[in-house]
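Descriptive analysis of the structure
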Amino acid sequence: MGWVARALAGPTLWAVLFSVVYALHGTGCNLGWTDRSVLFTDLHHAAMWVAWGLGLVLHGALVVTMPKGQEGRRRWIIVAGAWIGLVSSVFTLFPVIATSTCF
């Protein structure tokens, strides 16, 4: 059963990261974080960039720590799950972070 949890770790991390980024987007818009500057951007975008960056680091850790001793279908499913989570996080969340606005 451990290999199933490991295979689902990447997509699960993507789902958590997706929820966190959208929660920060809604919270930042509602609380006016776009008016508070942080370094070269505003608090709204900085919070989403930090959450996304930390999520990508965790995805990278999943990819790096893939099982090396196992062969066959189980290993292939674990590797595919880790890469699917990483690629999904990059392509689905980058547009939200880079172009988000509050209306």
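A quick note: this is a predicted structure, and the numbers were derived from the prediction, not measured.

1. With respect to a nonpolar patch on the surface
Together, Trp 83, Val 87, Val 90 and Phe 91 give the surface a local cluster of nonpolar side chains, amounting to about 390 Å² of exposed area. The residue Val 90 is located in helix α3 (residues 73-99) in this model.

2. Description of the side chain of His 45
Position of His 45 among the secondary structure elements: in helix α2 (residues 43-64). Since its relative accessible area comes to 15%, His 45 is described here as buried. Once residues within four sequence positions are removed from consideration, His 45 is found in contact with Ile 97 and Ser 100.

3. Considering helix α1 (residues 2-31)
Counted at 1.5 Å a residue, the expected span for α1 with its 30 residues is 44 Å, and the 41 Å between its end C-alpha atoms agrees. At Ala 9, α1 is deflected by roughly 40°, the largest bend along its length, and proline Pro 11 occurs up to four residues later in sequence. Burial in α1 covers these residues: Ala 7, Gly 10, Leu 13, Leu 17, Val 21, Leu 24, His 25 and Gly 28. For α1, the secondary structure elements touched by its buried residues are α2 and α3.

Conventions we followed
- Residues numbered from 1 in each chain as written.
- Predicted model: local features only at pLDDT ≥ 70, side-chain atom pairs only at ≥ 80, totals over all residues.
- Heavy atoms only, no water.
- Patch = residues over 30% accessible without salt bridge, like charges linked within 9 Å, V, L, I, M, F, W, Y side chains within 5 Å.
- Areas by Shrake-Rupley, 256 points an atom, 1.4 Å probe, with all protein chains shown as cover.
- Salt bridge = Lys/Arg side-chain N within 4 Å of Asp/Glu carboxyl O.
- Helix = DSSP H or I, 4+ residues; strand = E, 2+ residues; numbered from the N terminus.
- Buried < 20%, exposed > 50% of the residue type's maximum accessible area, 1.4 Å probe, protein only.
- Contact = heavy atoms within 4.5 Å.
- Expected span 1.5 Å × (residues − 1).
- Bend = angle between axes of the 7 residues up to and from the residue.

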